[in-house]
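A look at the structure
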Amino acid sequence: MSERTGGPAIETTGLVKVFGEKRAVDGIDLTVPAGTVYGVLGPNGAGKTTAVRMLATLLRPDGGEARVFGHDVVKEAAAVRARVSLTGQYASVDEDLTGTENLVLLARLLGYRKPAARERAARLLEAFGLTEAADKQAKNYSGGMRRRLDIAASILNTPDLLFLDEPTTGLDPRSRNQVWDIVRAVVAQGTTVLLTTQYLDEADQLAGRIAVIDNGKVIAEGTPGQLKSSVGSGSIHVRLRDADRRAEAQGVLARVLQTSVTLDHDPVALTARVMVDGAAGGPAERAAHALGELAASGITVDDFSLGQPSLDEVFLALTGDKRNRPGEAGDKSGTNGTNGTTNGTTDGTAKRKQEATA
Ligand SMILES: Nc1ncnc2c1ncn2[C@@H]1O[C@H](COP(=O)(O)OP(=O)(O)OP(=O)(O)O)[C@@H](O)[C@H]1O
Ligand SMILES: [Mg+2]
């Protein structure tokens, strides 16, 4: 049995949930360190909500084990419940009540006496920028306000572990930033946060570690930096002194980096993917080598930059767009994969919009 203190917040081994024929969660192993934000990243239907519901004791696993602060989610469900709180993907506040009324009601259900409940509600509404909306009915809140009220409701009693299931899906960038600030504040108070998201930049911004899940399985796990480097590519952008040398430079970069080289709209600019394939060194080393070769060919570079691969690229590389992966069968011509990110993002946005209006 794991330690109740000092051990991980969550530990699962071979966790499974089956709905009919569908293995919604198909053998997930996770270790979530206490006191951190842990990101679970995956597309629609990956199994994120199902996994969270099992960890929060709302759904019984069909196989495997899960412990929350050392307590088995099935055999010691009450002990788990005492320490966790869940903000669901779909809002749970009462539409007809005001912000204050919602929080006071929930606080009273948690055992707060009336004055304490009122004080806690007021403090949370203030912390979440909802003081002005405190006496408005929740049905008149914007999506961002609703989400903030939801999170406020879930941390009335500061939980040791907070599940946030897609807390920013459907929100505009400003509201997302507000929610991110709240998540950071919650963690600063010592709460562990398990955050599911379809937004790659969200996981990148908030999470210390990320599990990428697809079809109920963990397909990658690590820090954002590790995930990026496991895909092993970034891009080098180069601006030349002389536009006439661009074709030549393209040839040099393609030869040295063994990858696709794109000609930008800017007539002196080129972009090349920098793959990493084991023995050949990291992206910075390879990029430096490429710049050296340009210099050796007498091509003057005015400016260059090396970009890390985005989590978007990582995600697409792991979940489908195999063409982006170094060493994959599809990566023969060296001209593939430049549109993958754009397509993926558009697709994801469309789905999120659908969901937001559902
Ligand atoms: N109660 C249920 N009965 C039957 N199938 C279910 C049930 N809940 C989930 N599923 C199925 O299990 C799979 C995983 O669903 P889940 O809701 O966990 O995904 P998700 O990663 O949370 O997706 P989203 O990003 O859309 O919220 C899906 O194929 C879904 O249709
Ligand atoms: Mg979900």
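The numbers attached to residues start from 1 for each chain and follow its sequence in the written order. Whichever chain is written first becomes A and whichever ligand is written first becomes 1, with later ones labelled in order. Reporting of local features is limited, given that this is a predicted model, to residues whose pLDDT is at least 70; pairs of side-chain atoms are given and counted only at 80 or more, and all residues count toward the totals for whole chains, interfaces and linings.

Under an unreviewed UniProt entry, the name given to the chain is ABC-type xenobiotic transporter, and the source organism is Streptomyces radicis. UniProt positions are given in the numbering used here, feature names are shortened, and annotations may be inferred rather than shown by experiment. If you open the UniProt record of the chain and go to Sequence similarities (unreviewed entry), you find "Belongs to the ABC transporter superfamily. Drug exporter-1 (DrugE1) (TC 3.A.1.105) family." In the Subcellular location (unreviewed entry) part of its UniProt record, the chain is described as follows: "Cell membrane".

**Here we look at the overall build of the chain**
Helix numbers and strand numbers start at the N terminus; a helix is a DSSP run of H or I with at least 4 residues, a strand a run of E with at least 2. The secondary structure content of the chain amounts to twelve helices and 14 strands. Residue burial in the chain is summarised as follows: out of 358 residues, 40% are buried. Partitioning the contacts of the chain with sequence separation of at least 6, the portion at a separation of at least 24 is 67%. Exposed residues have 12 or fewer other C-beta atoms within 10 Å of their own C-beta, buried residues have 20 or more, and partly exposed residues fall in between, where C-beta atoms are placed from the backbone. Residues are defined as contacting one another if the C-beta atoms placed from their backbone atoms lie within 7 Å.

**Looking at the packing of helix H3 (residues 99-109) against helix H5 (residues 143-154)**
When two helices pack together, their arrangement is captured by the angle between the axes and the distance separating the axes. Axis definition: a line fit to C-alpha positions, over the contact stretch in the case of helices; interaxial angles, taken between N-to-C directions, run 0 to 180 degrees. In contact at an axis separation of 10 Å, H3 and H5 are set at 20° when each is read in the N-to-C sense. Classified by the interaxial angle, the pair formed by H3 and H5 is roughly parallel. Remark: the crossing between H3 and H5 carries right-handed chirality. Contacts from Gly99, Asn102, Leu103 and Leu106 in H3 reach Leu149, Ala152 and Ala153 in H5. For this classification, under 35 degrees means roughly parallel, over 145 means roughly antiparallel, 65 to 115 means roughly perpendicular, and everything else is oblique. If you view the pair so one helix is near and one far, a crossing is left-handed when the near helix is turned anticlockwise from the far one by less than a right angle, and right-handed when it is turned clockwise.

**Digging into the nonpolar core**
Leu55, Val68, Leu103, Phe163, Val183 and Leu194 are the most contacted members of the largest nonpolar core, which totals 70 residues. Domain extents, as shown, originate in an automatic or database domain assignment. A domain split of this core shows at least three residues from each of domain 1 (10-227) and domain 2 (229-346). In this structure, Val183 is in contact with Val37, Leu164, Val193, Leu195 and Leu206, ignoring residues within four places of it in sequence. In this structure, Val238, Ala249, Val274 and Met275 belong to the second largest nonpolar core, which totals 15 residues. Note on terminology: a nonpolar core is a set of buried residues of type Ala, Val, Leu, Ile, Met, Phe, Trp, Tyr or Cys, with members joined through C-beta atoms within 7 Å.

**What about the pairing of strand S8 (residues 192-197)?**
Counting buried positions along S8 gives six out of six residues, so the element sits mostly inside the fold. Neither face of S8 is exposed, since Thr192, Leu194 and Thr196 on one face and Val193, Leu195 and Thr197 on the opposite face are all buried. Looking at chain direction, strand S3 (residues 37-41) and S8 are connected through five bridges and run parallel. Bridge pairing links Leu41 to Thr197 in S8. Taken together, the five bridges between strand S7 (residues 161-165) and S8 define a ladder with parallel strand orientation. Residue pairing across strands places Asp165 opposite Thr196, the latter belonging to S8. With its strands directed away from the observer, a crossover is right-handed exactly when the path from the first strand over the helix to the second travels clockwise. Assessed by its sense of winding, the connection that carries the chain from S7 through helix H6 (residues 173-188) to S8 is right-handed. Paired strands, in this sense, are two strands between which DSSP finds at least two bridges.

**Things to note about the sheet that holds strand S6 (residues 84-87)**
With respect to topology, six strands assemble into an open sheet ordered S6-S7-S8-S3-S9-S10, the strand pairing being mixed. Only two strands of the sheet have a single neighbouring strand rather than two, namely S6 and strand S10 (217-222). Taking each pair of neighbouring strands and ignoring which way they run, the sheet shows an average axis angle of 15°. Bridge count for S6 against S7 is four bridges, and the pairing is parallel. In the sheet register, Thr87 faces S7, and the bridge partner there is Leu164.

**A few points about the site of ligand 1**
For ligand 1, the set of nearby residues contains 13 residues, the closest of which are Phe19, Ala24, Lys48, Thr49 and Thr50. Broken down by element, the residue count for the shell around ligand 1 peaks at three residues, all from helix H1 (residues 48-55). Under the convention adopted here, Pro, Cys and the residues Ala, Val, Leu, Ile, Met, Phe, Trp and Tyr are nonpolar, Asp, Glu, Lys and Arg are charged, and Gly plus all remaining residues are polar. Looking at the shell around ligand 1, its residues break down into three nonpolar, eight polar and two charged. Any residue whose C-beta atom, as placed from the backbone, lies within 6 Å of a molecule or strand is termed near it.

**Remarks on the sheet that holds strand S4 (residues 63-68)**
Adjacent strands of a sheet form backbone hydrogen bonds with each other and so pair up, either parallel or antiparallel. Here four strands make up an open sheet; going across it, the order is S2-S1-S4-S5 and the pairing antiparallel. Edge positions in the sheet fall to strand S2 (22-32) and strand S5 (71-72), since each has one partner strand and no second. Sheet topology note: the strand S1 (residues 10-19)/S2 ladder contains eight bridges and is antiparallel. Paired with Thr12 across the two strands is Leu30, which belongs to S2.

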